[in-house]
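Inside the fold
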Amino acid sequence: SEESPQARAARIQRLVRDLSHPEFDERERAVAELTAIGEAALPDIRQLLAAGDAETQYRVRRVFHGIRGFSPEIDAKGLRTAQLVADLVALTPKT
């Protein structure tokens, strides 16, 4: 049977959360499922480019590339954000 729009939206939100799941297999499953869902998943994953950690941003770019192919805008934003995070970590005093 076909998935209702509400059920699909809930599944996409769960999969987006799973991009940061502690278990590697769950993170990989989320990438594969979001990529298979396609365009409908893009609005939910775009928000993670600025909010997610570096690994989550990497997974978001993988999903985006799987759906749309290479995108300089997504890559540049993700790389900039990852660099900012790395710079902040380097500047954080060690206690």
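If you're wondering where the values come from, they're calculated on a predicted model, not measured in any experiment.

Let us now look at the environment of V31. Within the element layout of this structure, V31 appears in helix 2 (residues 24-37). Taking the C-alpha atoms as reference, V31 lies 7.9 Å from L15; in sequence the two are 16 residues apart.

Here we take up the packing of helix 2 against helix 5 (residues 54-68). Packing of helix 2 against helix 5 brings their axes to within 8 Å, and their N-to-C directions diverge by 30°. As far as their axial angle goes, helix 5 and helix 2 are roughly parallel. For the crossing formed where helix 2 meets helix 5, the hand is right-handed. Here F24, R27, E28, V31, L34 and T35 of helix 2 lie close against helix 5, whose contacting residues are E55, R59, R62, V63, G66 and I67. In the contact of helix 2 with helix 5, the residues fall into five nonpolar, two polar and five charged.

Moving on to the nonpolar core. By size, the foremost hydrophobic cluster in this structure holds 17 residues, and its most contacted members are I12, V16, L19, L34, I45, V60 and V63. For this core, the secondary structure elements donating two or more residues are helix 1 (5-18), helix 2, helix 3 (42-46), helix 4 (48-51) and helix 5. Once residues lying within four places of it in the same chain are set aside, the contact partners of L19 are R27, A30, V31, L34, I45, L48, T56, R59 and V60.

Looking now at helix 2. For helix 2, with 14 residues, the first-to-last C-alpha span of 20 Å sits near the 20 Å given by 1.5 Å per residue. Looking only at helix 2, the buried set comprises R27, A30, V31, L34 and I37. End-on view of helix 2: buried residues confined to an arc of 135°, all on one side of the axis. Opposite the packed face of helix 2, turned more than 90 degrees from it, sit the exposed residues D25 and A36. Against the buried residues of helix 2 lie helix 1, helix 3 and helix 5. In the stretch just after helix 2, G38 is the one whose phi turns positive, near 85°.

Per-residue confidence for the protein averages 78 on the pLDDT scale, and 71% of its residues sit at or above 70. Per-element confidence in the protein is highest for helix 2, whose mean pLDDT is 93, and lowest for helix 6 (residues 72-91), whose mean pLDDT is 55.

Criteria and cut-off values
- Residues numbered from 1 in each chain as written.
- Predicted model: local features only at pLDDT ≥ 70, side-chain atom pairs only at ≥ 80, totals over all residues.
- Heavy atoms only, no water.
- Helix = DSSP H or I, 4+ residues; strand = E, 2+ residues; numbered from the N terminus.
- Axes fitted to C-alpha atoms, helices over the stretch in contact; angles between N-to-C directions.
- Parallel < 35°, antiparallel > 145°, perpendicular 65-115°, else oblique.
- Left-handed = near helix turned anticlockwise from the far one by under 90°.
- Contact = heavy atoms within 4.5 Å.
- Nonpolar A, V, L, I, M, F, W, Y, C, P; charged D, E, K, R; others polar.
- Core = buried A, V, L, I, M, F, W, Y, C linked by side-chain atoms within 4.5 Å.
- Buried < 20%, exposed > 50% of the residue type's maximum accessible area, 1.4 Å probe, protein only.
- Expected span 1.5 Å × (residues − 1).
- Arc of directions from axis to C-beta.
- pLDDT = per-residue confidence, 0-100.

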